[in-house]
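A closer look at the structure
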Amino acid sequence: MNVQAKPSVGGAQRLLPFERIALVLQGGGALGAYQAGVYEALSESRIEPDWIAGISIGGIDAAIIAGNPPNMRVHRLREFCPLMRCGIGSAGEDPKATAHASC
C-alpha cells in the first residue's frame, strides 16, 4: 500500500493511504442535495478529490465542484440546491413560472 502526504487547501498536509481520490456522483434528482453534503463533509475533512465524475444531477454537481476554486465549491453547491427544489430549469417548465415558488 502506498501512503502519500496529500496537500490540502489550507496548506497543511493530510496523510492518506492512497495516491488519488475519485469522487463519482450518480444521477437521481434528490441525490443532488445529499451529494452536496458529502462534498461539504469531505472538504471540511481537508479531503479534495483529484478526479470528479457524475451522471445526470451528479454530473451537474461534479461540474459545479470542478468549475469553481476549492474555497467557493460548497458555496456554489448551496446556491444551486434551492434551484433544484423549486424545479427551476426542469425540462418542459417555464423558469419564470417556477422562480417565485416557495422552496
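The sections below set out a description of the structure shown in this document. What you see is a predicted model; the values in this text were computed from it and never measured.

We now examine the environment of Phe80. Looking at the element boundaries, Phe80 is found in helix α3 (residues 73-86). Phe80 gets classed as buried once you look at its relative accessible area, which sits at 17%. Sequence separation between Phe80 and Ala33 is 47 residues; the distance between their C-alpha atoms is 9.1 Å. Setting aside anything within four residues of it in sequence, one finds Phe80 in contact with Ile57, Ile60, Asp61 and Ile64.

Glancing now at the pairing of strand β3 (residues 22-25). Of the two faces of β3, the one holding Leu23 and Leu25 is buried and the one holding Ala22 and Val24 is not buried anywhere. One ladder, built from four bridges, connects β3 with strand β4 (residues 51-54); its direction is parallel. Its bridge partner being in β4, Leu25 is matched across the sheet by Gly54. For the crossover from β3 across helix α1 (residues 31-44) to β4, the handedness is right-handed.

For helix α2 (residues 57-66), the set of buried residues is Ile57, Gly58, Asp61, Ala62, Ile64 and Ile65. Taken around the axis of α2, the buried residues stretch over an arc of 160 degrees, which confines them to a single face.

This brings us to the packing of α1 against α2. Direction vectors running N to C along α1 and α2 enclose 35 degrees, while the axes themselves pass 9 Å from each other. Like other packed secondary-structure pairs, α1 and α2 cross with a definite hand, here right-handed. In contact with Gly32, Gln35, Ala36 and Tyr39 of α1, α2 contributes Ile57, Gly58, Asp61 and Ile65. Taken together, the residues that form the contact of α1 with α2 break down as four nonpolar, three polar and one charged.

Looking at where Asn68 falls in the secondary structure, it is placed in the loop between α2 and α3. At 2.7 Å, the side chain of Asn68 and the backbone oxygen of Ile64 are in polar contact. The residues touching Asn68, leaving out its near neighbours within four places in the chain, are Arg73 and Arg76.

Let us now look at α1. Taking 1.5 Å of rise per residue, 14 residues should cover 20 Å, and α1 covers 20 Å from first to last C-alpha, within 8% of that figure. Within the sequence span of α1, burial applies to Gly32, Gln35, Ala36, Tyr39 and Glu40. Summarising the axial view, the buried residues of α1 lie within an arc of 140 degrees, below the 170-degree limit, and thus occupy one face. For α1, the exposed residues lying more than 90 degrees away from the buried face are Tyr34 and Glu44. Directly beyond the C-terminal end of α1, a positive phi value near 60 degrees is found at Arg46.

What counts and what doesn't
Residues numbered from 1 in each chain as written. Predicted model: local features only at pLDDT ≥ 70, side-chain atom pairs only at ≥ 80, totals over all residues. Heavy atoms only, no water. Helix = DSSP H or I, 4+ residues; strand = E, 2+ residues; numbered from the N terminus. Buried < 20%, exposed > 50% of the residue type's maximum accessible area, 1.4 Å probe, protein only. Contact = heavy atoms within 4.5 Å. Pairing = 2+ DSSP bridges. Right-handed = clockwise from strand over helix to strand, strands pointing away. Arc of directions from axis to C-beta. Axes fitted to C-alpha atoms, helices over the stretch in contact; angles between N-to-C directions. Left-handed = near helix turned anticlockwise from the far one by under 90°. Nonpolar A, V, L, I, M, F, W, Y, C, P; charged D, E, K, R; others polar. Polar contact = N/O pair within 3.5 Å; in protein donor to acceptor, adjacent residues only side chain to side chain. Expected span 1.5 Å × (residues − 1).

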